[in-house]
Structure formats: C-alpha cells, structure tokens
Amino acid sequence: GMYVTIKNFVTSYFCKPDRGGIFTVQYPEERCAIFENCRNFPFLVYDGSPARVRCVACGICERECPTKCIHIEMEKDASGKPARKPAVFDIDYSLCMNCGICESVCPFDSIYMDHAFEVSAMGNRAKLFRHKESLVKSSEYFQKIRPALAALVDQKRRVAEEKKKTPPQGRTP
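These lines cover the structure that appears in this document, whether it is placed above or below. These figures come from a predicted structure and were not determined experimentally. (Residues numbered from 1 in each chain as written. Predicted model: local features only at pLDDT ≥ 70, side-chain atom pairs only at ≥ 80, totals over all residues. Heavy atoms only, no water.)

## Focus: the packing of aromatic side chains
Now for step 1: Scanning the entire structure with this criterion turns up five aromatic pairs.
Now for step 2: Between Phe43 and Tyr141, the aromatic rings sit 5.6 Å apart at their centres with planes inclined by 80°, giving edge-to-face as the arrangement. Linking Phe43 in strand β1 (residues 42–46) with Tyr141 in helix α5 (residues 139–145), this pair joins segments that are 98 residues apart in sequence.
Now for step 3: Accessibility expressed as a relative area gives 2% for Phe43, which makes it buried.
Now for step 4: By the ring-pair criterion, three or more aromatic residues cluster together here, those being Phe43, Tyr112, Tyr141 and Phe142.
Now for step 5: Sitting over the face of the ring of Phe43, Lys137 holds its NZ or CZ atom 5.6 Å from the ring centroid. (Phe/Tyr/Trp six-rings, centres within 6.5 Å; stacked < 30°, edge-to-face > 60°. Helix = DSSP H or I, 4+ residues; strand = E, 2+ residues; numbered from the N terminus. Buried < 20%, exposed > 50% of the residue type's maximum accessible area, 1.4 Å probe, protein only. Lys NZ or Arg CZ within 6 Å of the ring centre and 35° of its normal.)

## Some details on the pairing of strand β2 (residues 70–76)
Now for step 1: For β2 and strand β3 (residues 82–92), the ladder comprises six bridges, and the chain directions are antiparallel. Considered in β3, the bridge of Ile70 is made with Ile91.
Now for step 2: Taking the residues between adjacent antiparallel strands as the criterion, β2 and β3 are bridged by five residues, where Gly80 takes a positive phi near 95°. (Pairing = 2+ DSSP bridges.)

Next up, the structure:
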C-alpha cells in the first residue's frame, strides 16, 4: 500500500498529466478534456429541422432501458394510424444511469449519449424530467461532439439511401 502512495506522490511532481501524472483541476475555471466516447445523458438527433427527428418511436430503447427512464408514445395521423414518429419522448434524468444501452440498441441512429454532465436541479425531481423538445439536438452538434462515430453513421445512412434508390437486379420486365 505504501508503494502505491509513494509512486503517486513522486509521479505527481515529475510526470505531466498527459503521461499519467496526478494533477488537480480547479474545476469551474479549468476543465478536463472530454473524450469523444464519453457518455452522460441521452439526446435525440434530428436532420434539418427539429421536426425531422430520426426516431420512429419503435420503443426498443424504452424496453431495453434497465431503469425504465425512457417513455415513448407514437404519434397518430388524422385517420388514427401510427405516423412513425414520437408524439411523446421523455427521459427522466434522475433515473438515468448513463449506461448507453439506449444508444447501442437504436437501429435508426437517433439516440446518442451527450457530453453534457452539468445537469442538476434543486428541489423536486420534476426539473430532471426532459421532454422531446429539450432532448433534440442537430446532427451538426452530434458531428461536433463525436466526429468519428458521426462519420460512420453518415456513411452507413448514405449507403442505405443509395440502396433504396437503385432498383433490384435480376428481374427484367
């Protein structure tokens, strides 16, 4: 035990923080670098305008969430048929344990984990209950915080769009 203490004491004086040295960050004034794959709270990605959320309200993330902090209701059109977009998409941040399962199970690339970690509220938990309007963020924001993953997702979506546009081979009329 004493070896670890002495090693940490010595490395804090002779090693730089990027080489494993122990250091102190004066938090509100200084900030540590956030890694690209850092995960905190989920958000929804939209393309173009906030009305064009990628989510189709399939409910997979709601079912797979271990704490059941996600609630989704599908929007209905005028005839009462499902419109394949969420009318209600709520996340209770007071229950969310930042596991990232919702991100990994989403087949439509619509929910990802944000880097925002300064989420707090005084008093009741109602302030930590986020509705769809406060969860949506642009695809440009997603590209800014997670550029490598965003590039892969964009490439995958482009390939899928090209597959839809090309007619299937083999049959001739």
